[in-house]
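Examination of the molecular architecture
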Amino acid sequence: QLQRSLDELDLLFAIRHHDRCEVPSFWPVPNGVMKVANQYGLDPKPTPVPPPKLVLHLLEAAARWVGNYSQPIVTCLNELEALGPDPSDEAASALRRCQEALPDGVRQSLIDRGGTERFLLSAVEMLATACWLTIAAFGARRYEETIDVDETSLVGSDEEGWWLDC
């Protein structure tokens, strides 16, 4: 908390020439925020940051899952829901269509992950993870806020656009 408060003072001083509001006329933390925090008994550590290439690769993969693979998975789920709880040839056909709609590499990695009997579950888990990463990355939300997002959080329409309201 101390570092956050000091950071805000530090930033206010940094924008003193750009804004027409009252800001400190002296540098509030001349030795730096970390030194002040150390002086008062805190042991601040920089937040670990993953390498940029790793982050971009992860975001690219998440965007690919949401953009390219979500439609066949959601379609399959809707078809299975419409069929009801009794397994049938129609359910097997819906699963086969879902598998065929996904690229070979994706299909094989899902089968390797959970076997053919867990194919759809693995696909839904991967899609949910990709959605979570996309929301976390582009939604400017803290971890706790991202966890609270559920199906009731999505509002809007295709005509007006969609957004999260939570």
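Here's a quick rundown of the structure. The structure displayed is predicted, hence computed values, not measured ones.

Together, Glu144, Asp148, Asp150 and Glu151 give the surface a local cluster of negative charge. Along the chain, Asp150 turns up in the loop between helix 7 (143-147) and strand 1 (154-157).

Once that is clear, we can look at the pairing of strand 1. Sheet topology note: the strand 1/strand 2 (residues 161-164) ladder contains four bridges and is antiparallel. Along strand 2, the bridge assignment pairs Val155 with Trp163. Remark: three residues form the turn of the hairpin made by strand 1 and strand 2, two consecutive strands paired antiparallel.

On to the nonpolar core. In terms of nonpolar packing, the biggest core is built from 14 residues, with Trp65, Tyr69, Ile73, Cys98, Leu102, Val106 and Leu110 touching the most fellow members. Put simply, the parts of the chain that give this core at least two residues each are helix 3 (52-83), helix 5 (104-114) and helix 6 (119-138). Ignoring anything within four residues of it in the chain, the contact list for Leu110 reads Trp65, Leu102, Gly115, Phe119, Ser122, Ala123 and Met126.

What counts as what
Residues numbered from 1 in each chain as written. Predicted model: local features only at pLDDT ≥ 70, side-chain atom pairs only at ≥ 80, totals over all residues. Heavy atoms only, no water. Patch = residues over 30% accessible without salt bridge, like charges linked within 9 Å, V, L, I, M, F, W, Y side chains within 5 Å. Areas by Shrake-Rupley, 256 points an atom, 1.4 Å probe, with all protein chains shown as cover. Salt bridge = Lys/Arg side-chain N within 4 Å of Asp/Glu carboxyl O. Lys, Arg positive; Asp, Glu negative; His and termini not counted. Charge placed at Lys NZ, Arg CZ, Asp CG, Glu CD. Helix = DSSP H or I, 4+ residues; strand = E, 2+ residues; numbered from the N terminus. Pairing = 2+ DSSP bridges. Core = buried A, V, L, I, M, F, W, Y, C linked by side-chain atoms within 4.5 Å. Buried < 20%, exposed > 50% of the residue type's maximum accessible area, 1.4 Å probe, protein only. Contact = heavy atoms within 4.5 Å.

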